[in-house]
Amino acid sequence: MSVKMILIPGRSSKQGTSLNVGKLKDEYKEVTSTLEMNTDEMAKMGLVDGDKVRLSNETGETTVTCIGKKPEDLPDGMVFIPYGPPSSELMASDTAGCGMPLSKHMEVDIEKIST
Amino acid sequence: MTENTKIIENATCTFCGCVCDDMILTVDLDEKKIIKSKNACVLGRAWFAEHTIEEDAPAAMIDGKEVSIEEAIEEAAQTLTKAKFPITYGLSDTTCEAQRQAVAITDRIKGNIDTTTSVCHGPSGLAFQGVGESTSTLGEVKNRADLVIYWGGNPAESHPRHFGRYAVTPKGMFTPRGKKDRTVVLVDVRKTKSSPVADILIRPKPGKDFEVLWALRALVKGKKLSDDIEERTGVPLAVLQDLSDRMKNCRFGVLFFGMGLTMTRGRHFNSGALLALATDLNEFTHFVAKPVRGHGNVTGADNVVSWQTGYPFGVNFSRGYPRFNPGEFTTVDTLANAHADAAMIIASDPASNFPKKAIQHLKSIPIVVLDTKCTETSKDAHVAFRTSTYGINTTGTVYRMDDVPITLRPAFESPFPDDETILKGINKRVNELMLAKHYASGASGEVKVAAPV
């Protein structure tokens, strides 16, 4: 079962400190592969902290680890990820004539990966 | 830690656009690293601590094999002059002096120059041209602002000292009690680490920033809004009316805005709506709007490219004079449309955060990279230079996000050359090659070519 949600990639403190260590290092890869979802939505999808999910849209797909956030912090239907190579996989290249691809507010399908 | 240390006072952190110039660095000269960075935020501490010298790393490589710097400069110049549509990109994490060389090279090779602005506040740059900018320095904000609004950003994680040094808690000339003399409003679709600082937190529905800004413009002008505004935007009418009243009645208001506006649907229209709101408010009080800029010297990149070409980013020299056309000459477009046939990437990592299609094309063309560390982009470089870090190993000029220039005080020497030195070398060689090409094409007579900058 997949669920459609809005993905917001953005800066986080950990992403900022780990990129100083090195973008090819494990720490940066881990930070940019960790998706935040509210715990109510996670429960509906049968997810617990640390589960893998597949994000996909017309542009591409990527697999990330899911962790929970309080529902009052992150609304239903919205997920957050520190930006990096996994979020790039889902970013379309159309810039609507202004040079900027749609880098936040990307509609994605989210699916639990069975282990 | 050895005993051979020195203290650098008033050093500058160039990680983010705050460009805080009150760092007190303790440098271990034997280990060649910064062991303490007093006054730095969490991002600044990581910036200083992690930029150490990797002695074993080659200063220059061609196709992954170590070469001399001279050989790499020759290959870079050959690669760029042979290309039909060479692009230069990045520039936000280097000095203005290096940026100036990059513009000169691109001009010489009739290439295309763009900076990380195009995937940051580029849409705001378009809005500035269309709407104008009611602006100020961060010093004025600190001393005068009694209403501070953050829209579409999370400074607590992206610019951690913005609150404490410039806009929320510092005591200023007309704000002697610091935060007690200010009202802070945060507008964001999600609750973030910045939320606790806000007196008023407004959470619109995702993708409804333009509508909320336009509704505020109407209220400021005294128009009535329909009752369904909450249903459309997620923000109750009473909250909008209260904010409108506060904005009109403050003494000095400021709207700081971030990627939440420029990277979502509406892009430059969102920034334009916010800038227009600030302009409208000047009929009632003093109100300014400032983008919260990202990388250390991205504001310098806008300034240097503007001085030298007349435009801030997305500039093409293929006809021998600068042309500005975002959507065509911006780097995501030159790559995704497969126009570029060679790239010089300076202090940036597009292979890590560009759209997939653009990355695929970038990886199919020869790349010249200047960077302080290995990145996804430098991994695939045809020519790669390892350069020293600005502000840590080299001096130069950077611009704070409010267009205030600051001179850097380096902490210790690096065995690697700085970006400006490498780019000067490429510029000189490119100039020679372009002249030779000119004469080989049968041209005669005196050719006026400006001396390298």
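Keep in mind that what you see is a predicted model, and the values were worked out from it rather than measured.

## Brief notes about the overall build of chain A
Per the secondary structure count, chain A includes 4 helices and 6 strands. In sequence order, chain A lays out its α and β elements as β-α-α-β-α-β-β-β-α-β. In terms of overall dimensions, chain A is globule-like: its C-alpha atoms have a radius of gyration of 14 Å, near the 13 Å expected for 115 residues. By principal-axis analysis of the C-alpha atoms, chain A measures approximately 35 × 35 × 30 Å.

## Some details on unusual backbone geometry
All names here are of chain B. Positive phi, close to 55°, is recorded for N10, a residue that is not glycine. Locating N10 in the fold gives a position in strand β1 (residues 5-11). Phi is positive for N39, close to 80°, though the residue is something other than glycine. Assignment of secondary structure puts N39 in the loop between β3 (33-38) and α1 (42-50). For N39, a count of 17 C-beta atoms within 10 Å translates into the label partly exposed.

## Topic: the nonpolar core
Among the nonpolar cores identified, the biggest contains 131 residues, and I149(B), W151(B), L255(B), F256(B), L274(B), A278(B) and A343(B) are the most heavily contacted of them. Apart from the residues within four sequence positions on either side, L274(B) is in contact with W151(B), L213(B), L255(B), F257(B), L261(B) and A289(B).

## Digging into the interface of chain A and chain B
With 39 residues of chain A at the contact, the number on the chain B side is 46 residues. Elements supplying a minimum of two residues to the side of chain A that touches chain B: β1 (2-10), α1 (13-21), β5 (78-82) and α4 (85-88) of chain A. Counting residues per element, the side of chain A that touches chain B draws most heavily on α1(A), at 5 residues.

## Re the pairing of strand β3 (residues 52-56) of chain A
Across a regular strand the side chains alternate sides, sitting on one face of the sheet and then on the other. Residue and element names in this part refer to chain A. Side chains V53 and L55 project from β3 onto a buried face, and the interleaved K52, R54 and S56 project onto a face without burial. Alignment of β3 against strand β4 (residues 61-69), held across 5 bridges, turns out to be antiparallel. The residue bridging K52 from the neighbouring strand is T65, located in β4. Taken together, β3 and the strand that follows it, β4, pair antiparallel across an intervening segment of 4 residues. In this structure, β3 lies alongside strand β6 (residues 106-112), joined through 4 bridges in antiparallel fashion. Residue pairing for β6: L55 is matched across the bridge by I110.

## Quick look at the packing of helix α2 (residues 69-82) of chain B against helix α18 (residues 419-440) of chain B
All names here are of chain B. Between α2 and α18, the least distance of the axes is 9 Å, while the angle of their chain directions is 50°. Of the possible angle classes, the one that applies to α2 and α18 is oblique. Considering how the two elements wind past one another, α2 and α18 form a crossing that is right-handed. Judged by residue contacts, I73, E74, A76, A77, L80 and T81 of α2 engage I422, G425, I426, R429, V430, L433, M434 and K437 from α18. Class assignment for the residues of the contact of α2 with α18 results in 9 nonpolar, 2 polar and 3 charged.

About the thresholds
- Every chain begins its residue count from 1, and numbering advances along the sequence as written.
- As a convention, the first chain written is A and the first ligand written is 1, with the rest following in written order.
- With pLDDT at 70 or above as the cut-off, local features in this predicted model cover only qualifying residues; side-chain atom pairs require 80 or more to be listed or tallied, and sums for whole chains, interfaces and linings still use all residues.
- Strands are runs of DSSP state E lasting at least 2 residues, helices are runs of H or I lasting at least 4, and numbering of each runs from the N terminus.
- Only C-alpha atoms enter the radius of gyration, while the globule expectation follows 2.2 Å times N to the 0.38, with N the number of residues.
- Residue burial here comes from a neighbour count, namely the number of other C-beta atoms, placed from the backbone, that lie within 10 Å of the residue's own C-beta, with 20 or more meaning buried, 12 or fewer meaning exposed, and in between meaning partly exposed.
- Joined through C-beta atoms within 7 Å, a set of buried Ala, Val, Leu, Ile, Met, Phe, Trp, Tyr and Cys residues constitutes a nonpolar core.
- Residue pairs qualify as contacts under a 7 Å threshold applied to their C-beta atoms, which are placed from the backbone.
- Think of it this way: DSSP has to see at least two bridges between two strands before they count as a pair.
- Axis angles are defined between N-to-C directions and span 0 to 180 degrees, where every axis is a line fitted to C-alpha atoms and, for a helix, only to the segment in contact.
- Each angle receives one of four descriptions, namely roughly parallel if under 35 degrees, roughly antiparallel if over 145, roughly perpendicular if within 65 to 115, and oblique otherwise.
- Crossings are sorted by hand: turned counterclockwise from the far helix by less than a right angle, the near helix makes the crossing left-handed, and turned clockwise it makes it right-handed.
- Three residue categories are used. Nonpolar comprises Ala, Val, Leu, Ile, Met, Phe, Trp, Tyr, Cys and Pro, charged comprises Asp, Glu, Lys and Arg, and polar comprises the others, including Gly.

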